[in-house]
Every structure is written in structure tokens, then in C-alpha cells.
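Letter by letter, the chains look like this.
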There are 2 protein chains.
Amino acid sequence: MGKNKVNVNPDAARLELFVGPGFKLANIDPSSTPGFEGSNGDSKEIAEQIAKERTPELADLQERMYAQARAEKPNAPSVLVVLQGMDASGKGGIVRHVFGSVDPQGLQITSFKAPTEEEREHDFLWRIEPHAPKPGFIGVFDRSHYEDVLIQRVREFAPPAEIERRYGAIVEFEQRLVQSGTKVLKFMLHVSPEEQEKRLRERIERPDKHWKYNTGDLDERALWGEYAEAYQIALERTSVANAPWWVIPSDKKWYARLAIKAILLQAMRNMELEWPEVDLDQEAEEARLAESAKLLQESLERTQG
Amino acid sequence: MGKNKVNVNPDAARLELFVGPGFKLANIDPSSTPGFEGSNGDSKEIAEQIAKERTPELADLQERMYAQARAEKPNAPSVLVVLQGMDASGKGGIVRHVFGSVDPQGLQITSFKAPTEEEREHDFLWRIEPHAPKPGFIGVFDRSHYEDVLIQRVREFAPPAEIERRYGAIVEFEQRLVQSGTKVLKFMLHVSPEEQEKRLRERIERPDKHWKYNTGDLDERALWGEYAEAYQIALERTSVANAPWWVIPSDKKWYARLAIKAILLQAMRNMELEWPEVDLDQEAEEARLAESAKLLQESLERTQG
């Protein structure tokens, strides 16, 4: 199956999908597969195979990061992944397939719904802050504070001046996370209206998918153009070198999963995660361990006597 | 590799490992593999293969349970798994390997450490309650409220009358969870002192395991007999038919993982988890979906104009 002939080239994908100066959402084709070479009939199988092969390295890096926090290394790092996208763009599938491949003990997944009455009484970041990832953890936001400049802008839930203020507030908030040791990565899952229609139809038709269907999704769908505008502005206003956005073509689920896994893996490689240095006198501890066998024996005699 | 000749028989394992009347911890051999037939040189590989084959069904049951809660079914069920065991008994490995095989979105993992000063000011269940699994979730306690009748008993951190009170309080607490729709399953990972020594030595010797080593573990190890007593009492006082304990021989990690996965799977099968009935007028929604294409087109014209 020509495993050596195909690959996803994270550098190519990063360059092409990275939201930098002059970025236009409209220029990204949701059905494209940038950086993935050798597309033919079995692209899906090949992509899944490549993704699977990357799991051990990703799991290893996650464990090193987790270990640093457990060993109480000061400023132990963490990662925050933000997932945004229209309904049925595949956010849940990314959580299941990309983050489902690492140790769940090191994961902190938060799914943000419509704000509650109490949450609406506070600044929009009030409900976000408590879910910032703990040191050593990979935090995943399934929807996020970006809803406050997306649906809130499109639906005019907040006045223009307040929406305007929020772009700056978001950048400052994320910079604070970065400065306290969190790697911030943001992904917009970019689907076409046609692909969304197909997926929504499936939710309507299949009894095992009914629970995912929300009739209100169609109201948001009818505002596709306004959402595209809101995304374009949010992306260009908040994508900075150390808290970047990537727009991931997501009509092909296998591509979106592979691309995010590749970008995440590359980001974590760059963190140069080492096993923490632990102050441990190996010889002394081995002597104590040997001695514990005797104490243990005494304990057994004491209690069974 | 004789896949059809070996299996883990959950009924046999359940019967043998279930903590019922007359149960004696001392009678369970930590290196045994009850219910697992066909032990030979490649038991580990066979067990891992069986465990892997059970993943799709477990993932499917979890998704059904999660779907019920998402569809706002009243009294949507949940599962609480309690993991207890001496240091290095393999609790983390169970979380990684058994619970790492299901969708992390439906998992709620809580790792209980030594109580903080604030937590110590409250009743011992005060810090536990907030982590009870949400409807639809599998909650996993890595250590739990049982520490309050284990280390607290052995170390005499609480007076005997208080320890005595706690057994009853635990049973009542868990019964309340059961009555509000939570399936409660409790597992004690039972290792031998020799296996623990081997695993602790590895943590001392291997730089990539240093972070898991805690010199204080040897102090608890020296009280092995007292811990065995405390476990025996806790197990017999709190194992009831609808919130049972199983003692899992854990010297062989592959066996512990397979046995817990098998018991969990059997328990979830018995929950008769169906896809939630959702009140959805399929025809009307399909008509709305078709109409949304037109509205969407208008939205695009409006915004690109």
C-alpha cells in the first residue's frame, strides 16, 4: 500500500493552513487535503494508518509533560487546544479520534454550551478561566470563548462595541496562558455547506444519530455567510505566532483528524519535553526497599498473630 | 494462536472475585487468573487481543449512555468505577488501558490525593460528592472515599468510632448514587508484596519512572498486614449487591485489565442501554433542511454583496 510514498507533511500543511497576514478563509477549499500526498482510492485507510503510527510518540510526549507536573517541576507546561466549527463539522470526532489516542488521565475536556443565566451575568471569560488546563494536562475546548465573537456577533447578542472589546480581551487572556506555560493551538474545522447538509441529513435519518440533531442548527446554517464573516474577523484578529489558528479542511474527516494530530505532534515535539529530573538517591532508596521486606514480614506476623 | 480456545469467562470471574458473604482477601492469589482459560506462554498477547475485540461493544454502550443524557432523558444512567489498591498495583494502567479505549468525552476521571487542609475541615465525603459522575458519564475514581477507612484506619488519623461511622456513611452515600441512576462498581487491585517490590524497584532504577516514585510508599508498604486487615474490613462492610466490590488479582497486569474490562462490559450490557427516543418529525426536518439551502444561498449573497 505504498506506506513510504504517502505522508502528511506538517510543514506544508502548517504553512498553507496557518492563519497569518492576508489569510482569507474563502481561499481554503473544505474538501482539499493540503500536505497529504499520494491521494488515491485508499487515502482514508492510508491516513488512518499514518495517524495510528503517530500515536505512540504523541502518548510519550503527553506522559513526559504529565510527569513534569507530577514531579512538581516549577512552571510545568500544558497544552490548550481550541476546537471551533459549524455544527456537524466534526469537533466530537476530533476529540474521540485524536485525543482518544492518548492517556485520558492527562486530558481535560470541556464542552461549552450556551451560557447559563449566571454565566451571562459575568464577563464572557469568567466561565472559561476555571477550565484552563492544569500544568501537565492537554486541555481541549469543544467550542470556547470564541462563541462570544461568533454566534454573539452574528445574532447580535452583544452590541458591536462589546464584540470589538472582546477580540483584544481574548488575545490578552491567551497571552497570559502562554506566559504561564500553556501552549495554545486553535483549530477551525472548515466544512462546506454541502457536506454539512449531508451530515445533518444523516442525523435526521438515523435513529442512532437523532440525539445529535438539534433543529436550531438549521437556523444557524441559514446564516452561513454571516458566520463566514465572523470567523474571518475572529481568525485575523486573534491568530498570533504563539497562539495560532489553523483552518482545517474538514469535508474529509480522515484528513482533519490526521492534520490536527500532525500539527499537535509537531507542536509538542517543539516543546522539548524531557523526563523530569527527580532528586532521588537511588542507592539509599534501594537499601530502604530491601529493608522494607523485613518490616513487611513483621507487619504480617503482627496482624496474623 | 487458538483464539477460540481461550477467553475470560466473566461469570466465572465474577463469582470467584466478587466480595460476598464469607469472602476472605487472604484466599485470593494475586498471581492467579480466574476465569481465564488456556493460560500458556502467550497468555498476555491473547488477553490483549480479547480486550481489544471488546472495545467496540464497550464504546458503543458508552455512547448510548452518553446519548441518553444528551437527549435529556430523565434519570439518564451513569457508571461510577472505584479503583483502590496498594501503591504500584496498577490503577493508572487500568485507567489508561481500559478507560482509554472509550470516548474521552464521556469520561470523568478523578484522582484523589491526600486531603487538603480545607478538605480535612469537612466531612470525608464533602470532597467526593462533587465528582460523582454526571448523567451519561463513566466516572472513574483513582483512589476514593475508601482512603478514609484504609490509610486513615491504619495510620489512626481518625479515632475508631469515626472510622466505624464511615462504613455506614459510605454505604448510604453509594446507595443514594445507585438510586439516582448510577451503576457503582468497585475494584481492588490485589498485588503481592513481591510484585510490588519489583515495580517499586523499577521506579527507582528507571529515570523515566522516577516521577512515579514516592519514598513514602515504603512506609505504607511496611504496614502491609495492617492494610490487608483494613481492606478486608472495608470490603466486607461495603460490598452490597448493587454496589459490589471485586478483588482483582493484579500481579499480571494483562489479567487485571482484561478482568475489569469484562466485568464493566457485562455490567453495562445489563443496563440495557438503548438509543434515546428523540421526539423528531423526520419529514418536517427534512423539509426544513431542504429549505435551508435556499436561505443559506441568500445569506451568501447578502454577505458577499
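That block above? That's the structure.
Now for a description of the structure that goes with this document. (Residues numbered from 1 in each chain as written. Chains lettered and ligands numbered in written order. Predicted model: local features only at pLDDT ≥ 70, side-chain atom pairs only at ≥ 80, totals over all residues. Heavy atoms only, no water.)

Residue and element names in this part refer to chain B. Judged by pairing direction, the sheet is parallel, and its five strands sit side by side in the order S2-S3-S1-S4-S5 without closing on themselves. Looking at which strands have only one partner, the edges of the open sheet turn out to be strand S2 (107–111) and strand S5 (245–249). Going across the sheet, the axis of each strand differs from the next one's by a mean of 20 degrees, ignoring polarity. Of the strand pairs in this sheet, strand S1 (residues 78–85) and strand S4 (residues 182–190) are connected by eight bridges, and their pairing is parallel. (Pairing = 2+ DSSP bridges. Helix = DSSP H or I, 4+ residues; strand = E, 2+ residues; numbered from the N terminus. Axes fitted to C-alpha atoms, helices over the stretch in contact; angles between N-to-C directions.)

Let us now look at the pairing of strand S5 (residues 245–249) of chain A. Residues and elements named next belong to chain A. Burial of S5 is extensive: five of the five residues sit out of reach of the surface. Where burial is concerned, the two faces of S5 agree: the one with Trp 245, Val 247 and Pro 249 and the one with Trp 246 and Ile 248 are both buried. For strand S4 (residues 182–190) and S5, the ladder comprises five bridges, and the chain directions are parallel. Note on S5: the bridge partner recorded for Phe 187 is Trp 246. (Buried < 20%, exposed > 50% of the residue type's maximum accessible area, 1.4 Å probe, protein only.)

Now for the sheet that holds strand S2 (residues 107–111) of chain A. Residues and elements named next belong to chain A. Spatial ordering of the open sheet is given by S2-S3-S1-S4-S5, a layout of five strands whose pairing is parallel. Since the sheet does not close on itself, it has two edges, and those belong to S2 and S5, each with one partner. On average, adjacent strands in this sheet sit at an angle of 20 degrees to one another, irrespective of strand direction. Sheet analysis places strand S1 (residues 78–85) next to strand S3 (residues 138–142), joined by five bridges and oriented parallel. Along S3, the bridge assignment pairs Leu 83 with Asp 142.

A few words on helix H6 (residues 160–179) of chain B. Residues and elements named next belong to chain B. Given a rise of 1.5 Å per residue, 20 residues ought to cover 28 Å, and the 29 Å separating the end C-alpha atoms of H6 matches this to within 8%. Inspection of H6 places Ile 163, Arg 166, Tyr 167, Ala 169, Ile 170, Phe 173, Glu 174, Gln 175 and Leu 177 among the buried residues, and these make up the whole buried set. In the core, the buried residues of H6 are packed alongside S1, helix H5 (151–154), S4 and helix H9 (224–238). After H6 finishes, the residue Gly 181 shows a positive phi value of roughly 105 degrees. (Expected span 1.5 Å × (residues − 1). Contact = heavy atoms within 4.5 Å.)

Membership of the largest hydrophobic core comes to 77 residues, with the highest contact counts inside it found for Phe 99, Phe 187, Ile 248, Leu 264 and Met 268 of chain A. When residues of this core are assigned to their parent elements, the largest contribution, 11 residues, is made by helix H10 (residues 253–270) of chain A. Once residues lying within four places of it in the same chain are set aside, the contact partners of Ile 248 of chain A are Leu 17, Phe 187, Met 188, Leu 189, His 190, Ala 256, Ala 259, Ile 260 and Ile 263 of chain A. One finds Ile 94, Phe 99, Val 247 and Met 268 of chain B within the second-largest nonpolar core, a separate group that totals 76 residues. (Core = buried A, V, L, I, M, F, W, Y, C linked by side-chain atoms within 4.5 Å.)

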